[in-house]
Amino acid sequence: MKNVNVAIVGATGAVGTKILEKLLERNFPAQSIKLLASKRSAGLEIKAGNQTYTVEETTPESFEGVDIAFFSAGGSISEKFAPEAVQRGAVVIDNTSAFRMNEDIPLVVPEVNPSALQNHPGIIANPNCSTIQMVAALQPIKEKYGINRIIVSTYQAVSGAGSEAIDELEAQSGHFEQRAENVAEILPSASAERHYPIAFNAIPQIDAFHPSGSGYTLEELKMMNETKKIFGDQNLSVTATCVRLPVVTGHSESVYIQLNADNVTVEDLKEVLKNAPGVVLQDDPSTQTYPMPLFAEGKDEIFVGRIRKDREEATGFHLWIVSDNLLKGAALNSVQIGEKLLEEQ
Ligand code: A2P
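Report follows, based on the coordinates.

Quick notes on the rules
Residues numbered from 1 in each chain as written. Predicted model: local features only at pLDDT ≥ 70, side-chain atom pairs only at ≥ 80, totals over all residues. Heavy atoms only, no water. Disulfide = S-S within 2.5 Å. Buried < 20%, exposed > 50% of the residue type's maximum accessible area, 1.4 Å probe, protein only. Pairing = 2+ DSSP bridges. Helix = DSSP H or I, 4+ residues; strand = E, 2+ residues; numbered from the N terminus. Axes fitted to C-alpha atoms, helices over the stretch in contact; angles between N-to-C directions. Contact = heavy atoms within 4.5 Å.

Concerning the state of the cysteines
Applying the stated criterion across every chain, the model contains zero disulfides. With no disulfide of its own, C129 has C242 as its nearest cysteine by sulfur position, at a separation of 8.9 Å. Accessibility expressed as a relative area gives 0% for C242, which makes it buried.

With respect to the sheet that holds strand β11 (residues 251–259)
On the basis of which strands lie adjacent, the open sheet formed by six strands has the order β10-β9-β11-β14-β13-β12 and mixed pairing. Each edge of the sheet is formed by a strand with only one pairing partner; in this case those strands are β10 (237–244) and β12 (279–281). Across the sheet, the mean angle separating the axes of adjacent strands is 20° when strand polarity is ignored. By the bridge criterion, six bridges tie strand β13 (residues 302–309) to strand β14 (residues 316–323) in an arrangement that is antiparallel. Each residue of the ladder has a partner; that of G305, found in β14, is W320. Along the sheet, helix α3 (residues 129–145) contacts β9 (147–156), β11, β12, β13 and β14; its crossing angle with β11, the most-contacted strand, is approximately 30°.

Written out as structure tokens, the structure is:
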């Protein structure tokens, strides 16, 4: 594995800071790491490991000599700068939704579809955070029994909407008595026409509503479309409802699946999940053991519990899947994509 020059675009953000942390923690073979953000942050010093890094403004020239560029500064920044990085010889691993559904661009979860990395046009897309944890947990079940239907409801943390959303939750949380009047400017999304308090609330809107009038939000459509693309199965039936909760970090998901196989038991599914890479089974009602976002924060794994057989549908099962949305849902998955790329060189 050769040593590479790395850049992180959005290095001061909620995901960007975790990308740096993961690169250092996992001894990613980087001979240099360049931290890029907006003009506002130029000159800012960030201490990590035993080094101090100085943040630079992102410009097309920032990518001269860069081998791998991790992008996490929003879709419009990726659209503007990813082609500039590729033109200068870098491979871009993009955390935004800008390129995920482009046919030529691989959308990769290393435990699920690593072979998609073999053909890339210089950009590789990192899936949506809620999608990653769901497909990685379902992959071993799909491989063994086949899955034909997924219905998922998410319970998503505010850090998925960036550091300003974390600040908003923190500011509102101190105002119990005025909870319905709390000032809200960021959620459900900064560009939305109306904003609602997230503290003491649940907001059934993540990202904008699709202009078609279908009633689905873009986050829900991301989960539905990306799941089919990653699993390489356009016939898979997937429906999502995405909800934001006053949780700082850690997305939770209630997932209903229908298998292609008959006579599968809860024990069978537990056995499969026990051996799944990156998955931890936490499922014991007798000791109230189940995954919770508060305890998944800061952990790399995907936690699965509350596995039940549907009482009406013979091939149906229910699962509760929790993971740190900034780690496996974003930074860790991106760094793992980078590691896989280097392994294949
Ligand atoms: P900055 O801190 O300079 O604004 P989050 O997802 O936590 O909101 O973080 C967003 C990230 O995207 C931050 O690192 C932010 O940098 C970065 N960013 C925002 N606008 C730009 C821009 N025009 N060019 C490069 N990076 C940007």
